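Next come the chains, spelled out residue by residue.
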Amino acid sequence: MQSRPQAAPGTFTAFARFVLCGGGVGLASSFAVAALASWIPWGLANALITAASTLLATELHARFTFGAGGRATWRQHAQSAGSAVAAYVVTCVAMLVLQQLVATPGAVLEQVVYLSASALAGVARFAVLRLVVFARNRLQLAATARTARPVRAAVAHAEVQPDAVVLCRAA
């Protein structure tokens, strides 16, 4: 069964949903990166978790956040991945700066820096996803709404014509 397109939510609603979905996935990802980094290099752990979380978040954003009305397309996944690469760079740079400034940062400080960088990148991703990646769906929905023909109900006509003056006052 295919989902029908739904009306796109307003900016505030979309942002709240983005924070809920993307933030939830991001928070889980931060713990997953920390856990995986104990076995493999941090950069590789971040790359793997970023790829997996981007796929999951893009699906959530398509279905829930931006009202795309169904699964994300391959084009949307590719565009979302581009914004995720930028977010990956931001988090890596933040962690490299932290490593340069603090010889042995604790886990809490690492999480604070990582989540802060992720939040900053997340705001930028919201703008990209809303204005570029899922904008086509909103434009298609708007075009569909504009070109849709109104349904006209059949009306029984009375035998007597109404007075023109009455019609003018009613208008």
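Up top is the structure these notes are about.
Predicted model only: the values in this text are computed from it and were never measured. (Residues numbered from 1 in each chain as written. Predicted model: local features only at pLDDT ≥ 70, side-chain atom pairs only at ≥ 80, totals over all residues. Heavy atoms only, no water.)

**Student:** Account for the layout of surface pockets, naming residues and giving values.
**Tutor:** Put simply, the largest pocket is a space of about 560 Å³. Forming the boundary of the largest pocket are 28 residues, of which Gly-22, Gly-26, Ser-118, Gly-122 and Arg-125 lie nearest the centre. The set of elements that each furnish at least two residues to the lining of the largest pocket consists of α1 (11–36), α2 (42–65), α3 (74–101) and α4 (107–133). (1 Å grid on protein atoms, 1.4 Å probe; cavity = no way out; pocket = protein on both sides within 12 Å on 5 of 7 lines; lining within 4 Å. Points joined across faces, edges and corners; volume = space filled by probe spheres on them. Helix = DSSP H or I, 4+ residues; strand = E, 2+ residues; numbered from the N terminus.)

**Student:** Can you break down the packing of α2 against α3 residue by residue, with the values?
**Tutor:** Following both chains from N to C, one finds α2 and α3 inclined at 145°, their axes separated by 9 Å at the closest point. Note on packing geometry: the crossing formed by α2 with α3 is right-handed. Across from Trp-42, Gly-43, Asn-46, Ala-47, Thr-50, Thr-54, Leu-55, Thr-58 and Glu-59 in α2, the residues of α3 making contact are Gln-76, His-77, Ser-80, Ala-81, Ala-84, Tyr-88, Thr-91, Cys-92 and Met-95. The residue makeup of the contact of α2 with α3, split by class, is eight nonpolar, nine polar and one charged. (Axes fitted to C-alpha atoms, helices over the stretch in contact; angles between N-to-C directions. Left-handed = near helix turned anticlockwise from the far one by under 90°. Contact = heavy atoms within 4.5 Å. Nonpolar A, V, L, I, M, F, W, Y, C, P; charged D, E, K, R; others polar.)

**Student:** So, the pattern of salt bridges: which residues are in play, and what are the values?
**Tutor:** Any two side chains of opposite charge can pair, given that their charged atoms come close. The tally for this structure, following the rule as stated, stands at two salt bridges. Arg-71 is the salt-bridge partner of Glu-59, the closest N and O atoms lying 3.7 Å from each other. With Glu-59 in helix α2 and Arg-71 in the loop between α2 and α3, the pair connects residues that are 12 residues apart, well separated along the chain. For Glu-59, a relative accessible area of 13% translates into the label buried. Each of Glu-59, Arg-63 and Arg-71 takes part in a single network of salt bridges with overlapping partners. (Salt bridge = Lys/Arg side-chain N within 4 Å of Asp/Glu carboxyl O. Buried < 20%, exposed > 50% of the residue type's maximum accessible area, 1.4 Å probe, protein only.)

**Student:** Before we move on, could you go through the packing of aromatic side chains and cite the residues and values that matter?
**Tutor:** A full pass over the atoms with the stated rule returns six aromatic pairs. For the ring pair Phe-15 and Phe-18, a centre distance of 6.4 Å and an interplane angle of 25° mean the geometry is stacked. Linking Phe-15 with Phe-18, this pair stays in helix α1, spanning three residues, or about one helical turn. A relative accessible area of 31% places Phe-15 in the partly exposed class. For Phe-18, a relative accessible area of 8% puts it in the buried group. Counting every residue linked through ring pairs, the aromatic cluster contains Phe-15, Phe-18, Phe-66, Phe-126 and Phe-134. Its guanidinium or amino end placed over the ring of Phe-64, Arg-17 lies 4.9 Å from that ring's centre, counting from NZ or CZ. (Phe/Tyr/Trp six-rings, centres within 6.5 Å; stacked < 30°, edge-to-face > 60°. Lys NZ or Arg CZ within 6 Å of the ring centre and 35° of its normal.)

**Student:** Outline the side chain of Thr-54, listing residues and values.
**Tutor:** Mapped onto the elements, Thr-54 comes out in helix α2. In this structure Thr-54 comes out as buried when scored by relative accessible area, which is 8%. Not counting residues within four places of it along the chain, the set of residues in contact with Thr-54 comprises Ser-80, Ala-81, Ala-84 and Arg-125.

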